[in-house]
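Now for the letters of each chain:
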Amino acid sequence: MPTARHTYTGAGGTGLLENLFGAFFIAFALIARPFLKNWMYTWGATPAETQRALPGDARVPRPKVRTTRAITIHAPAEAVWPWVAQVGQERGGLYSYQRLENLGGCQIRNANQIVPEWQDWQPGDVMRLGPKGYPLFKLVEIEPGRTLIFAGADPNTEAAGEWRDPMPPTYVVSSWTMMLEPVDARTTRLIMRERVDYAPANFANWLIWVALAYTIDFVMMRKMLLGIRARAEAAV
């Protein structure tokens, strides 16, 4: 049995009302996207954070979608890192709207405690968003206590997508950086950046990646950031 510590007693993304809110929020975001795209792509981030280069950016040098979202957490970085380090479907979940994720068959269970057995990462390890066949990422770089960098991987082969020049006519490459920046001894900024590039640049791909995926992604990632903050702050 995993040994848990720092139990969080909030709803944690499992409550019926918060998931109903999440569903309505997704519907609102899909309708309002043409007017609120910049806010969705930069939720919580400062202008300096959105413009700065982050580790992992070079994996997708010319992204068609680029998001930078952030949140201030009133807890030291060492208290935030364990929650970030155990993300993933087979680990501590995604701290988002669990019922909505599981309606899509993701088999997610959000952890409300830190589990030491879920803390270890090595480059090449897989971070799943659902069972086999669902989207997944591979860890390509880690700075323990500070940064995790994932690359989008093929659900069938688990091979991480690599950008090269030239690229083939059809491809998808993506990256996901999670970075902690201490503000002071008791405060941390959690910054998350996603970048995706795809081809061909046709309407179907725009609809999938821009209009749908990264609009729904905004709602789920916002909840993830809030979920990590709630858990980390409750533990200090």
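In case you missed it, the structure is sitting above this.
All of these numbers come straight from a predicted model, not from anything done at the bench. (Residues numbered from 1 in each chain as written. Predicted model: local features only at pLDDT ≥ 70, side-chain atom pairs only at ≥ 80, totals over all residues. Heavy atoms only, no water.)

Caption draft 1: Focus on the packing of aromatic side chains. Inspection of the entire model under this criterion finds 9 aromatic pairs. On the basis of an interplanar angle of 75° and a centroid distance of 5.3 Å, the ring pair of Trp 121 and Phe 150 is categorised as edge-to-face. Of the two residues, Trp 121 sits in the loop between helix H4 (98-103) and strand S2 (126-128) while Phe 150 sits in strand S4 (residues 147-153), which places them 29 residues apart along the sequence. Judged on exposure class, the residue Trp 121 and its partner Phe 150 are both buried. Site record: aromatic cluster; members linked through ring pairs are Phe 21, Phe 25, Phe 28, Trp 39 and Phe 218. The ring of Tyr 198 has Lys 64 sitting right over it, with the charged end atom 5.2 Å from the ring centre. Residue placement shows Arg 91 over the ring face of Trp 121; its charged tip is 3.6 Å from the ring centre. (Phe/Tyr/Trp six-rings, centres within 6.5 Å; stacked < 30°, edge-to-face > 60°. Helix = DSSP H or I, 4+ residues; strand = E, 2+ residues; numbered from the N terminus. Buried < 20%, exposed > 50% of the residue type's maximum accessible area, 1.4 Å probe, protein only. Lys NZ or Arg CZ within 6 Å of the ring centre and 35° of its normal.)

Caption draft 2: Looking closely at the sheet that holds strand S6 (residues 187-199). With respect to topology, 6 strands assemble into an open sheet ordered S1-S6-S5-S4-S3-S2, the strand pairing being antiparallel. Taken across any chain shown, the strands that pair with only one partner, and hence form the sheet edges, are strand S1 (65-73) and S2. On average, each strand axis in the sheet is inclined to that of its neighbour by 25°, with strand direction left out of account. By the bridge criterion, 7 bridges tie strand S3 (residues 136-143) to S4 in an arrangement that is antiparallel. Among the inter-strand pairings, Leu 139 is bridged to a residue of S4, identified as Phe 150. On the sheet, helix H5 (residues 203-234) packs against S1, strand S5 (171-184) and S6 and is oriented at approximately 15° with respect to S1. (Pairing = 2+ DSSP bridges. Axes fitted to C-alpha atoms, helices over the stretch in contact; angles between N-to-C directions. Contact = heavy atoms within 4.5 Å.)

Caption draft 3: Representation of the packing of helix H1 (residues 16-41) against H5 in the model. Put simply, H1 and H5 touch, their axes get as near as 8 Å, and they point 120° apart. Viewed along their axes, H1 and H5 adopt a mutual orientation that is oblique. Here H1 and H5 pass one another in a crossing that is right-handed. Each of Glu 18, Phe 21, Gly 22, Phe 25, Ile 26, Ala 29, Leu 30, Arg 33, Trp 39, Met 40 and Tyr 41 in H1 lies in contact with H5, whose residues at this interface are Trp 206, Val 210, Ala 211, Leu 212, Tyr 214, Thr 215, Ile 216, Phe 218, Val 219, Met 220, Arg 222 and Lys 223. (Parallel < 35°, antiparallel > 145°, perpendicular 65-115°, else oblique. Left-handed = near helix turned anticlockwise from the far one by under 90°.)

Caption draft 4: Inspection of the pattern of salt bridges at higher detail. With the rule as written, the count across this model stands at 13 salt bridges. Asp 57 is paired through a salt bridge with Arg 193; the nearest N and O atoms lie 2.8 Å apart. In this pair, Asp 57 is assigned in the loop between helix H2 (47-51) and S1 and Arg 193 in strand S6, connecting sequence segments 136 residues apart. Grouping residues by exposure puts Asp 57 and Arg 193 together as buried. Residue Arg 128 pairs with Glu 90 through a salt bridge whose shortest N-O separation is 3.6 Å. (Salt bridge = Lys/Arg side-chain N within 4 Å of Asp/Glu carboxyl O.)

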